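Structure assessment
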Amino acid sequence: MGRSPCCEKAHTNKGAWTKEEDQRLVAYIKAHGEGCWRSLPKAAGLLRCGKSCRLRWINYLRPDLKRGNFTEEEDDLIIKLHQILGNKWSLIAGRLPGRTDNEIKNYWNTHIKRKLLARGIDPQTHQPLSGAAANAPSSRLQDQLAAARSSCSPQTSGAGHSSDEDSASVPYLGGIDLNLSLSPPSQPSSPVAAVAN
DNA sequence: AATATGCGCAACCGCTCCGTG
DNA sequence: ACACGGAGCGGTTGCGCATAT
């Protein structure tokens, strides 16, 4: 269906951002704040699509980004949250201060997936892989997930929209207080503390 | 030392959601 | 109530770097 493109593709840069572009974007947002992304590139003097600017800022330039290796706690938290939320990376990111949805998504696909498979756990369903279950070490996490499964509504896959963002039905998983109400990333609600086992 | 292969990160694309007129 | 436009999200791709052969 004919939807107007978000930008004039012919007049926009693509690919890796240059230092100068970064500086322009940061300077503009510092001066004016995150406003209308569609008009931002023009106002900031950037030959970029608004979407691209938003992504660059959120995933790379934001001052509150943590960057660097994920800790074991973050690992576990991501796995637990994924068990509840499915591929709702933005929601998961909301519980991990300083982390972005893109970063978590990449980390999941490159590290955690493999880690779970090595444990004999299906990364999508979080169920033991058939036949490999015996090989899976009896981790504490596994027990927690099993317990959670029996107490939470079984809405995996994240396809079930709306309900998983419904903070009225706050899921509770093995000591994780999953208040899923969205909070700006800059105001973390100390999720790691919530894990406190 | 050169080449092939694998891995990880950054960025893009298309779709959906949500607010507004 | 409906249509439109902007913002946000998730999936996928491309590129550069590291490691293996």
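If you're wondering where the values come from, they're calculated on a predicted model, not measured in any experiment.

**Details of the overall build of chain A**
Within chain A, the secondary structure is distributed over eight helices and two strands. Taking the contacts inside chain A whose residues are at least 6 apart along the sequence as the reference set, 55% of them involve residues at least 24 apart. Surface accessibility of chain A: about 11,500 Å² in total, with carbon and sulfur atoms responsible for 53%.

**Considering the pattern of salt bridges**
Across all of its chains, the model carries nine salt bridges by this definition. Here K115 and E72 are joined by a salt bridge, their closest N and O atoms 3.9 Å apart. Remark: E72 occurs in helix 4 (residues 72-85) and K115 occurs in helix 6 (residues 101-119); sequence separation between them is 43 residues. The exposure class assigned to K115 is partly exposed, which follows from its relative accessible area of 21%. Through salt bridges with shared partners, a single network forms among K66, E74, R99 and E103.

**Looking at the confidence of the model for chain A**
Detail in the predicted coordinates should be disregarded across regions flagged by low pLDDT. Considering every residue of chain A, the mean pLDDT works out to 70; 60% of them sit at 70 or more. Across residues 132-171, where pLDDT falls below 50, the model places 58 contacts with residues more than four positions away in sequence or in other chains. This model gives residues 180-197 a pLDDT under 50, and the stretch forms 32 contacts once residues within four places in sequence are excluded.

**Digging into the nonpolar core**
One finds I78, I92, I104, W108 and I112 to be the most contacted residues of the largest nonpolar core, which totals 18 residues. Sorting the residues of this core by element identifies helix 4, helix 5 (89-94) and helix 6 as the ones contributing at least two each. If one sorts the elements of this core by residue count, helix 4 sits on top with six residues. W37, A44, C53 and W57 belong to the second largest nonpolar core, which has 12 residues in total.

**A word on the packing of helix 4 against helix 6**
Relative orientation of the contacting elements helix 4 and helix 6 amounts to 90°, with a least axis distance of 11 Å. Between helix 4 and helix 6, the angle falls in the class roughly perpendicular. For the pair helix 4 and helix 6, the contacting residues are E72, D75, I78, I79 and H82 in the first and I104, Y107, W108, I112, K115 and L116 in the second. Residue composition of the contact of helix 4 with helix 6, by class: seven nonpolar, one polar and three charged.

What counts, and at which threshold
- Residues numbered from 1 in each chain as written.
- Chains lettered and ligands numbered in written order.
- Predicted model: local features only at pLDDT ≥ 70, side-chain atom pairs only at ≥ 80, totals over all residues.
- Heavy atoms only, no water.
- Helix = DSSP H or I, 4+ residues; strand = E, 2+ residues; numbered from the N terminus.
- Contact = heavy atoms within 4.5 Å.
- Areas by Shrake-Rupley, 256 points an atom, 1.4 Å probe, with all protein chains shown as cover.
- Salt bridge = Lys/Arg side-chain N within 4 Å of Asp/Glu carboxyl O.
- Buried < 20%, exposed > 50% of the residue type's maximum accessible area, 1.4 Å probe, protein only.
- pLDDT = per-residue confidence, 0-100.
- Core = buried A, V, L, I, M, F, W, Y, C linked by side-chain atoms within 4.5 Å.
- Axes fitted to C-alpha atoms, helices over the stretch in contact; angles between N-to-C directions.
- Parallel < 35°, antiparallel > 145°, perpendicular 65-115°, else oblique.
- Nonpolar A, V, L, I, M, F, W, Y, C, P; charged D, E, K, R; others polar.

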